[in-house]
Amino acid sequence: MNPANYLYLSAILFSLGAVGVLVRRNAIVMFMCVELMLNACNLAFVSFARINGNLDGQVIAFFVMVVAAAEVVVGLAIIMTIFRTRRSASVDEANLLKY
Amino acid sequence: MSVLLATIEQSGSTGEQIVFWVCAAIAVVGAVGMLISRRAVHSALFIAATMIALAVLYVSQGAPFLGMAQIVVYTGAVMMLFLFVLMLVGVDSTESLVETLKGQRIAGLALALGFAVLLFAAIGNVSYNFAVGIDGANAADGGNVQGIAHLIFDRYLLAFEVTSALLITAALGAMVLAHRERHTPRKSQREQSEDRVRSGEPQNLPGPGVYALHNAVGTPGLLPDGQPTDRSVPEPLRGVSAAVGVDHEDTRRVNALAAGGAIIPGKAEDES
Amino acid sequence: MSPFSGALAPAAGEISANVAHGTFTQMWLLIALPLAGAAILLLLGRRTNTWGHWVGVLMSAGSFAIAVSIFLAMRQESGGNRAFTQHLFQWISVGSFQVPFDLRIDQLSMVFVLLITGVGTLIHIYSVGYMSHDHERRRFFGYLNLFVAAMLLLVLADNYLLLYVGWEGVGLASYLLIGFWFYKETAAVAAKKAFVVNRVGDVGLSIAVMLMFVTFGSVTFEGVLGSAPKASQTSLTLIGLALLLAACGKSAQFPLQSWLLDAMEGPTPVSALIHAATMVTAGVYLIARSNAIFNAAPTAQTAVIVIGAITLIMGAIIGCAKDDIKKALAGSTMSQIGYMVLAAGLGPIGYVFAIFHLLTHGFFKATMFLGAGSVMHGMNDQVNMRRFGALRTVMVLTTITFFAGYLAILGIPPFAGFYSKDKIIESAFAHSTLVGLVTLVGAAITAFYMTRLVAMTFLGRARWPDDAHPHESPAMMMVPVSILAVLSAVSGFLLIHDNWIVNWLEPVVGFEEPVLGFNVNILQYGTLALVLVSAALGYVLYARRPVPEVAPVGSFLTQAARADLYGDEVNEAVFMRPGQYLTRLLVWFDNRVVDGAVNGTAALIGGLSGRARRTQNGFARSYALTMLGGAALVIAALVLVRL
């Protein structure tokens, strides 16, 4: 089993997540896409750990999970706050801060 | 499940290949499904599938701890949080997939594709040492969990401690963000009651199906004078009561009952 | 003329001086008194309106009294021992650049001080009458006192930098006084013109001072003139030419002559004091004072002679054509100063006579200017000579005094001009026949235009305007004029008697006997005959024949002379217009190229920023797109580097 396949999968998932962030307007879905990208990274880390034969990659993936959890909490709270005032979860409507 | 997967892993390269291709397919399909779903709930379900597939892949790559964590933390906690927020925001809200930003979709797709090509080129240009494997590292401390624990509480202790600060900060931040300041004092029970009297409708709204022949939410309640009122019907069903099965015949019979008429039981049973 | 006793005297003047003692220590008062007068009159303002002019007269007279006492004390000293310096304070002390505020009075300064304070006081008195109807008389006297103080500082300075202060001071006073009636546009313009043209000359003086410091490391008279013979020919020539430029500006010499005629817009006493007797002769003083430099720089001397000769003829020609009495006199002044400058350019044979003529000219030209003022006073400020005529009948004293000046400038013995001008002609012939002929021609033209002037003014038929009621001026004006007229008549003889002026000035400016190739008497009689013939011609043309009240078109030469020989036109064509074009070009260059580059850069950056700003459109997804693009670039770079 060529471990590079895991990396290719990781790349595909990461790119799909990126497309989602760029294309979807629902803030919650965008957030999911970000999570997908993080997961793709995690997969890459785990694969690297395997390729290199040590557990550091897995530890990094673990930390990514922790940070992702914290990020989700804050991000969703922000989405909630915005939704509460604007009655909308679309990121395109929160566009007042500009030139 | 972990036992099962561990078996597959041990069964050698072929088993791993099967696991990989199946899980990779699930993960990619889940990702694409998440991308193209109009409803956020569907997206959430799709990504949950992707995450579970990834968890399987973690396990098959000798990272059972991460696989479990993936399922527990991501698929369990994080996705649950997503669903909570979705419910708060409106579970049935659909998103128009018509792009409003000019060229954003094309550019996004093209760029992401280019990015993928770049990554593929980079991955393809590296030579990998297949011989090493993770098993040795896992075995060094007597197991994967032990090994990770060893690293976390030894080499990455400081980072670990810092993540604790991060988590606390995140929790506080979420509370601050979600907290709504109360600008008026909470109304006491007495004040609520007085407000009700002043509103001209001192009684509770009639419950659905009062005097109704069967207990359906679409059946209007009866006022004390015996007149049915659609105010007892949930708002979404009011104008479209026919569509959701408001039984007008039932209503008529209720009216008749209120007028002092008799109920024909057999007929009622037929209709119920 | 009789042989001079000073024939064997050293050619160059002595520059060493004693420290002032006794009476000489009062020399600072010479300047301080009029300066205090100016301060009182100008600073106290209208409070002094009623009595201010008397303060002016008093200060000037006090200065004159001190000048006389110093003169008398100086006569007690021996010939080579009459220069005194007074150290007042250290003015500038920067490294090796040491300039003390020192005054110096010697024989040369002395005659100037006497002329300035003497004629100045007389003109102050005259002005009390002349300006009696002017509301701003107090201010006028303040300026006059300021002028006297500045002029005295000019001649009493012991170094060129201090001289420069006085030089600028008289320029300032001249500006203020020409523009005294500044509400008249012509006066304001004339004042400005005088100021601007004088600046050109002042630049020459400042360059000269700088060159002196570079060459000699000093700007004091002793430091510069004492070591002048040791300096290089080139430096001396350059300094000499720069000094000549300065003299041209202040003394209205070609090519900086154009301001003097316009300066006649000022009150007539100003024309008499500043633009005839004293300030315009400052250039002659400068050259005579710097004799050591010019003696050692023959090229510069030749330039001085040429400038003097040109101006002498130019001024005379202009004087022939002017119908404005003051402008005719101004042309005459130019011409006479041309004589002095020419004489000063002749070297040791001419310095003394330049100063001599300067003194007599100061008397007779002041007489005539004040006489002209008297005429104007009686004719409602009319200056057009074609509307005068026959004034001898109503202004007897004015006519008599004016004729004293007239005969003096013509050089009729025994009037003053005869002695001084003849000496210059003699020296000019001793230098070269060509220069001599120029002076001779100048004398002939002078006789013609002066005769024309007096004939049109005092002789012939009356052509007065209907509202004119000519009358003799009050005694307040006529007494000073009379004194000056007497001086015009006798000063020449008194000064040259026993070679007094030669012996007096010789220690300072040096003297050499002019040696003629022929009998001096022939020259004298010839000159006299020429002058008489010329004067007779003028008499016939302007006294016997009727003078038209409106000027005839005249020949080309007349038209040119009326237009000041196109001095303004030349200045405009040569300096003003190219300067304007240059200025416009520079403005254009500044606006388009310099500002264009700056503004263009700013606009470019502003425009680019405006465009770049648009990318900040508020849509988080656009930012995400950019981020992904950046990430792709980073990856691409990494891949490319690794490949």
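Thoughts on helix 5 (residues 104-124) of chain B
Residues spaced three or four apart along an α-helix face the same direction, because each turn holds 3.6 residues.
Argument step 1. Over its 21 residues, helix 5 of chain B runs 29 Å from end to end, which matches the ideal 30 Å to within 8%, given 1.5 Å per residue.
Argument step 2. For helix 5 of chain B, the elements touching its buried residues are helix 1 (4-23) of chain A together with helix 24 (620-642) of chain C.

Some details on the interface of chain A and chain B
Argument step 1. Facing the 65 residues of chain A at the interface are 84 residues of chain B.
Argument step 2. Carbon and sulfur atoms make up 75% of the surface buried where chain A meets chain B, a total of about 6900 Å² over both sides.
Argument step 3. The largest per-residue losses of area from chain A upon contact with chain B belong to Arg24, Met32 and Met65 of chain A, which jointly make up 10% of the total buried on that side.
Argument step 4. Run the count over chain A and chain B and you get two salt bridges.
Argument step 5. The shortest N-O distance in the salt bridge between Arg155 of chain B and Asp56 of chain A comes to 2.3 Å.
Argument step 6. Our count for the contact surface shared by chain A and chain B stands at 17 residue pairs in polar contact (both at pLDDT 80 or more).
Argument step 7. For the side of chain A that touches chain B, the elements supplying multiple residues, two or more each, are helix 1, helix 2 (27-52) and helix 3 (56-86) of chain A.
Argument step 8. Top element by residues in the side of chain A that touches chain B is helix 3 of chain A. It accounts for 21 residues.
Argument step 9. Here the residues of the side of chain A that touches chain B sort into 45 nonpolar, 13 polar and seven charged.

What about the packing of aromatic side chains?
Residues and elements named next belong to chain C.
Argument step 1. Inspection of every chain in the model, using the stated rule, returns 33 aromatic pairs over all chains.
Argument step 2. Plain terms: the ring middles of Phe182 and Tyr183 are 6.1 Å apart, the flat faces sit at 65° to each other, and that makes the pair edge-to-face.
Argument step 3. Residue Tyr183 is classed as exposed on the basis of its relative accessible area of 62%.
Argument step 4. A ring pair is formed by Phe403 and Tyr406, whose centres lie 5.4 Å apart and whose planes are at 75°; its orientation type is edge-to-face. Note that Phe403 and Tyr406 are positioned in helix 16 (residues 396-410) at a spacing of three residues, about one turn of the helix.
Argument step 5. On the accessibility criterion, Phe403 (25% relative accessible area) is partly exposed.

Some words on the interface of chain B and chain C
Argument step 1. The interface is formed by 12 residues belonging to chain B together with 12 residues belonging to chain C.
Argument step 2. Taking both sides of the interface into account, the surface hidden between chain B and chain C amounts to around 1100 Å²; carbon and sulfur atoms contribute 78%.
Argument step 3. On inspection of chain B and its partner chain C, the count reaches one residue pair in polar contact (both at pLDDT 80 or more).

With respect to the sheet that holds strand 1 (residues 18-19) of chain C
In any sheet, the strands associate via hydrogen bonds between backbone groups, in a parallel or an antiparallel arrangement.
Residues and elements named next belong to chain C.
Argument step 1. Judged by pairing direction, the sheet is mixed, and its three strands sit side by side in the order 1-2-3 without closing on themselves. The open sheet has two edge strands with one neighbour each: strand 1 and strand 3 (97-105).
Argument step 2. Bridge count for strand 2 (residues 84-94) against strand 3 is nine bridges, and the pairing is antiparallel. Pairing of Gln90 across the sheet is with Pro100, part of strand 3.

Quick word on empty space enclosed by the protein
Residues and elements named next belong to chain C.
Argument step 1. Per the stated rule, a full pass over the model turns up four cavities of 30 Å³ or more.
Argument step 2. Roughly 70 Å³ of volume is contained in the largest cavity.
Argument step 3. Looking at the largest cavity, it is lined by 11 residues, and the ones nearest its centre are Ser16, Gly80, Ala83, Gln107 and Pro507.
Argument step 4. Looking at the second largest cavity, the residues that line it are Leu410, Gly411, Phe418, Lys421, Asp422, Ala443, Gln524, Thr527, Leu528 and Val531.
Argument step 5. When residues of the lining of the second largest cavity are traced back to their parent elements, those giving at least two are helix 17 (416-431) and helix 21 (520-544).
Argument step 6. A per-element tally of the lining of the second largest cavity places helix 21 first, with four residues.
Argument step 7. By residue class, the composition of the lining of the second largest cavity is five nonpolar, three polar and two charged.

Topic: the pattern of salt bridges
A side chain of one charge can pair with a side chain of the opposite charge if their charged atoms are brought near each other.
Argument step 1. Using the criterion set out here, one finds 18 salt bridges over all chains in the structure.
Argument step 2. Between Asp195 of chain B and Lys187 of chain B there is a salt bridge; the shortest N-O distance is 3.1 Å.
Argument step 3. The partly exposed category is assigned to Asp195 of chain B, whose relative accessible area is 30%.
Argument step 4. Between Asp106 of chain C and Arg104 of chain C there is a salt bridge whose closest N-O contact spans 3.2 Å.
Argument step 5. You can call Asp106 of chain C buried: its relative accessible area is 1%.
Argument step 6. Taken together, the shared-partner salt bridges in this structure form one network comprising Arg104, Asp106, Asp158 and Arg289 of chain C.

A word on the environment of Leu88 of chain C
Residues and elements named next belong to chain C.
Argument step 1. The residue Leu88 is located in strand 2 in this model.
Argument step 2. Here Leu88 falls in the partly exposed class, since its relative accessible area comes to 34%.
Argument step 3. Put simply, Leu88 and Phe101 are 13 residues apart on the chain and 5.6 Å apart in space, counted from C-alpha to C-alpha.

Some details on the confidence of the model for chain B
For any part of a model where pLDDT is low, the fine detail of the predicted coordinates should not be relied upon.
All names here are of chain B.
Argument step 1. On average, residues of chain B score 78 in pLDDT, and 69% of them reach the 70 mark or higher.
Argument step 2. Summarising per-element confidence for chain B, the mean pLDDT is lowest in helix 12 (residues 265-271) (44) and highest in helix 3 (residues 40-60) (92).
Argument step 3. Contacts for the low-pLDDT stretch residues 241-245, under 50 throughout, to residues beyond four places or in other chains number three contacts.

Some thoughts on the side chain of Ser427 of chain C
Residues and elements named next belong to chain C.
Argument step 1. Tracing the backbone shows Ser427 in helix 17.
Argument step 2. Of the residues examined, Ser427 reaches a relative accessible area of 1% and is grouped as buried.
Argument step 3. Among residues more than four places away in sequence, those in contact with Ser427 are Leu346, Ile349, Phe353 and Pro514.

Observations regarding helix 19 (residues 475-496) of chain C
Residue and element names in this part refer to chain C.
Argument step 1. Helix length check: helix 19, at 22 residues, gives a terminal C-alpha distance of 31 Å against a target of 32 Å (1.5 Å per residue), a fit within 8%.
Argument step 2. Its axis deflected by about 50° at Val490, helix 19 carries its strongest bend there.
Argument step 3. Those residues of helix 19 that fall on the buried side of the exposure criterion are Met477, Met478, Pro480, Val481, Leu484, Ala485, Ser488, Ser491, Gly492, Leu495 and Ile496.
Argument step 4. Those residues of helix 19 that are buried lie in contact with helix 3 (107-130), helix 15 (351-378), helix 16, helix 17 and helix 20 (500-509).
Argument step 5. Note on helix 19: the residue one or two positions beyond its end, Asp498, has a positive phi of about 60°.

A few points about the confidence of the model for chain C
Residues and elements named next belong to chain C.
Argument step 1. Put simply, chain C has an average pLDDT of 86, and 98% of its residues get 70 or more.
Argument step 2. Low pLDDT (under 50) marks residues 1-11, which in the prediction has 26 contacts with non-local residues, meaning those over four places away or in another chain.
Argument step 3. ipTM for the predicted complex: 0.92, alongside a pTM of 0.63.

As for the nonpolar core
Residues and elements named next belong to chain C.
Argument step 1. With 206 residues, the main nonpolar core has Leu30, Ile105, Met110, Tyr160, Leu243 and Ile293 as its most contacted residues.
Argument step 2. Per-element accounting of this core gives the leading share, 17 residues, to helix 15.
Argument step 3. Non-local contacts of Tyr160, meaning those with residues more than four positions away in its chain, are made with Val209, Met212, Val219, Phe221, Val224, Leu225, Leu243, Leu286, Ser290 and Ile293.

Rules used in this analysis
- Residues numbered from 1 in each chain as written.
- Chains lettered and ligands numbered in written order.
- Predicted model: local features only at pLDDT ≥ 70, side-chain atom pairs only at ≥ 80, totals over all residues.
- Heavy atoms only, no water.
- Helix = DSSP H or I, 4+ residues; strand = E, 2+ residues; numbered from the N terminus.
- Expected span 1.5 Å × (residues − 1).
- Contact = heavy atoms within 4.5 Å.
- Buried area = accessible area lost by both parts, 1.4 Å probe.
- Salt bridge = Lys/Arg side-chain N within 4 Å of Asp/Glu carboxyl O.
- Polar contact = N/O pair within 3.5 Å; in protein donor to acceptor, adjacent residues only side chain to side chain.
- Nonpolar A, V, L, I, M, F, W, Y, C, P; charged D, E, K, R; others polar.
- Phe/Tyr/Trp six-rings, centres within 6.5 Å; stacked < 30°, edge-to-face > 60°.
- Buried < 20%, exposed > 50% of the residue type's maximum accessible area, 1.4 Å probe, protein only.
- Pairing = 2+ DSSP bridges.
- 1 Å grid on protein atoms, 1.4 Å probe; cavity = no way out; pocket = protein on both sides within 12 Å on 5 of 7 lines; lining within 4 Å.
- Points joined across faces, edges and corners; volume = space filled by probe spheres on them.
- pLDDT = per-residue confidence, 0-100.
- Bend = angle between axes of the 7 residues up to and from the residue.
- Core = buried A, V, L, I, M, F, W, Y, C linked by side-chain atoms within 4.5 Å.

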